[in-house]
Amino acid sequence: MPTNFAGNLNQDVRTKMVDLLNARLVDTIAVTLAVKQAHWNLKGQGFIGVHELLDDVADRLRDSADLMAERAVILGGFAKGTVEVVADKADIEAYPLEISDLEDHVQALKERFMVLGGAVREAAETAEEAGDEDTADLFTEVSRAVDKDAWFIGANAKAA
């Protein structure tokens, strides 16, 4: 019985894609946890709207993480998304634990969403170049969600 369902992709491509999916998986989990940290701790004018928005954002990030994890397994690998792996491997800067001002949280989240969005778009290009259109499409879908949520969050920033 086959251990993957990736059709005509060779083992080298599958291995590369599994590694790439896991790299973006840990970043997505890190950003999800940052969103929840902000959700729990933010205060200030506009609190309730941002507080509720962040729950929705965290749900979408978890959906994206699920897509990446499942694709890694479909390709014959393992999804590696434990807290230990995330703490060790994420390329996302650690989220500040002791901020409460809504504006500070908005800025900190925007920064992390920009890093994640860029990494996911780069992953889409890498997958396309490797000939794995399905993984490229998955990353494009995740990129759109990340960009939209970055926009939603950023819309709560005070005008400069």
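Scoring rules and cut-offs
- Residues numbered from 1 in each chain as written.
- Predicted model: local features only at pLDDT ≥ 70, side-chain atom pairs only at ≥ 80, totals over all residues.
- Heavy atoms only, no water.
- Helix = DSSP H or I, 4+ residues; strand = E, 2+ residues; numbered from the N terminus.
- Expected span 1.5 Å × (residues − 1).
- Contact = heavy atoms within 4.5 Å.
- Core = buried A, V, L, I, M, F, W, Y, C linked by side-chain atoms within 4.5 Å.
- Buried < 20%, exposed > 50% of the residue type's maximum accessible area, 1.4 Å probe, protein only.
- 1 Å grid on protein atoms, 1.4 Å probe; cavity = no way out; pocket = protein on both sides within 12 Å on 5 of 7 lines; lining within 4 Å.
- Points joined across faces, edges and corners; volume = space filled by probe spheres on them.
- Nonpolar A, V, L, I, M, F, W, Y, C, P; charged D, E, K, R; others polar.
- Axes fitted to C-alpha atoms, helices over the stretch in contact; angles between N-to-C directions.
- Parallel < 35°, antiparallel > 145°, perpendicular 65-115°, else oblique.
- Left-handed = near helix turned anticlockwise from the far one by under 90°.

Draft legend 1. The arrangement of helix α5 (residues 133–154) in detail. When the terminal C-alpha atoms of α5 are compared, their 31 Å separation across 22 residues agrees well with the 32 Å that a helix rising 1.5 Å per residue should span. For α5, the secondary structure elements touched by its buried residues are α1 (11–41), α2 (47–74) and α4 (102–130).

Draft legend 2. Up close: the nonpolar core. By size, the foremost hydrophobic cluster in this structure holds 47 residues, and its most contacted members are V35, L54, L61, L109, F113, F139 and I153. For this core, the secondary structure elements donating two or more residues are α1, α2, α4 and α5. Among the elements that make up this core, the one with the highest residue count is α1 (13 residues). Setting aside anything within four residues of it in sequence, one finds F113 in contact with V31, V35, V57, L61, V146, D149, A150 and I153.

Draft legend 3. The layout of surface pockets, seen in detail. Quantified by volume, the largest pocket comes out at close to 270 Å³. Forming the boundary of the largest pocket are 14 residues, of which A30, L33, V86, A94 and Y95 lie nearest the centre. A per-element tally of the lining of the largest pocket places α1 first, with four residues. Taken together, the residues of the lining of the largest pocket break down into eleven nonpolar, one polar and two charged.

Draft legend 4. A look at the side chain of T135. Looking at the secondary structure, you find T135 in helix α5. Relative accessible area serves as the criterion here: at 0%, T135 is assigned to the buried category.

Draft legend 5. Highlighting the environment of E129. Considering the arrangement of structural elements, one finds E129 in helix α4. On the accessibility criterion, E129 (70% relative accessible area) is exposed. Between the alpha carbons of E129 and K110 there is a distance of 29 Å; along the sequence they are 19 residues apart.

Draft legend 6. Representation of the environment of D55. By the element assignment, D55 lies in helix α2. Between the C-alpha atoms of D55 and A34, which are 21 residues apart in sequence, the distance is 12 Å. When neighbours within four sequence positions are excluded, D55 is seen to be in contact with K36 and H39.

Draft legend 7. Structural view of the packing of α2 against α4. Packing of α2 against α4 brings their axes to within 12 Å, and their N-to-C directions diverge by 20°. Regarding the angle of α2 to α4, the classification is roughly parallel. Between α2 and α4 lies a crossing whose hand is left-handed. Facing F47, V50, L54, V57 and L61 of α2, the residues of α4 in contact are L102, L109, F113 and L116. A class-by-class count of the residues in the contact of α2 with α4 yields nine nonpolar, no polar and no charged.

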